[in-house]
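Letter by letter, the chains look like this.
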Amino acid sequence: MTTTFKKRQKEMKRQDKARSKAEKRLQKKAEPGVEVIGNDGIAWEEDIAERARLDLEAFDAAQAQEAETQG
């Protein structure tokens, strides 16, 4: 029983670390104060933040699916 618990704890720690890295990537993509302007003069900062958020949601979904296949 303890090995299953340890495995679960290790997996949770791995997922937390991966989530942390994903959040750091999200922050890098959408740093406040950095204005990204396309050729048409429109600021795309919100678009970049939205795409990064969607990437994080896809990551969470993949993690959940992986957990289901392992469990």
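Structure first, text after, so check above.
Reading the values: rules and limits
- Residues numbered from 1 in each chain as written.
- Predicted model: local features only at pLDDT ≥ 70, side-chain atom pairs only at ≥ 80, totals over all residues.
- Heavy atoms only, no water.
- Helix = DSSP H or I, 4+ residues; strand = E, 2+ residues; numbered from the N terminus.
- Contact = heavy atoms within 4.5 Å.
- Salt bridge = Lys/Arg side-chain N within 4 Å of Asp/Glu carboxyl O.
- Buried < 20%, exposed > 50% of the residue type's maximum accessible area, 1.4 Å probe, protein only.

Chemist: How should the side chain of Gln 15 be read in this particular structure?
Modeler: Position of Gln 15 relative to the elements: it lies in helix α1 (residues 2-29). Apart from the residues within four sequence positions on either side, Gln 15 is in contact with Gln 63 and Ala 67.

Chemist: Even after reading the chapter, I still don't get the environment of Asp 55, so can you show me in this structure?
Modeler: Tracing the sequence through the fold places Asp 55 in helix α2 (residues 45-70). Residues Asp 55 and Leu 26 lie 29 residues apart in sequence; the distance between their C-alpha atoms is 8.6 Å.

Chemist: Can you help me understand the pattern of salt bridges in this one?
Modeler: Two side chains carrying opposite charge are able to pair once their charged atoms lie near each other. Across all of its chains, the model carries three salt bridges by this definition. In this structure, Arg 14 engages Glu 11 in a salt bridge whose closest nitrogen and oxygen atoms are separated by 2.5 Å. Within this pair, Arg 14 and its partner Glu 11 are both found in helix α1, separated by three residues, close to a single helical turn. A salt bridge links Glu 66 to Arg 14; the nearest nitrogen and oxygen atoms lie 2.9 Å apart. With a gap of 52 residues between them, Glu 66 in helix α2 and Arg 14 in helix α1 connect regions that are remote in the sequence. Using a relative accessible area of 28% as the deciding quantity, one classes Glu 66 as partly exposed. Note on Arg 14: relative accessible area 35%, which makes it partly exposed. Linked through salt bridges whose partners overlap, the residues forming this network are Glu 11, Arg 14 and Glu 66.

Chemist: What is the right way to read the side chain of Gln 63 from this model?
Modeler: Relative to the helices and strands, Gln 63 is located in helix α2. With residues up to four places along the chain from it excluded, the contact list for Gln 63 reads Arg 14 and Gln 15.

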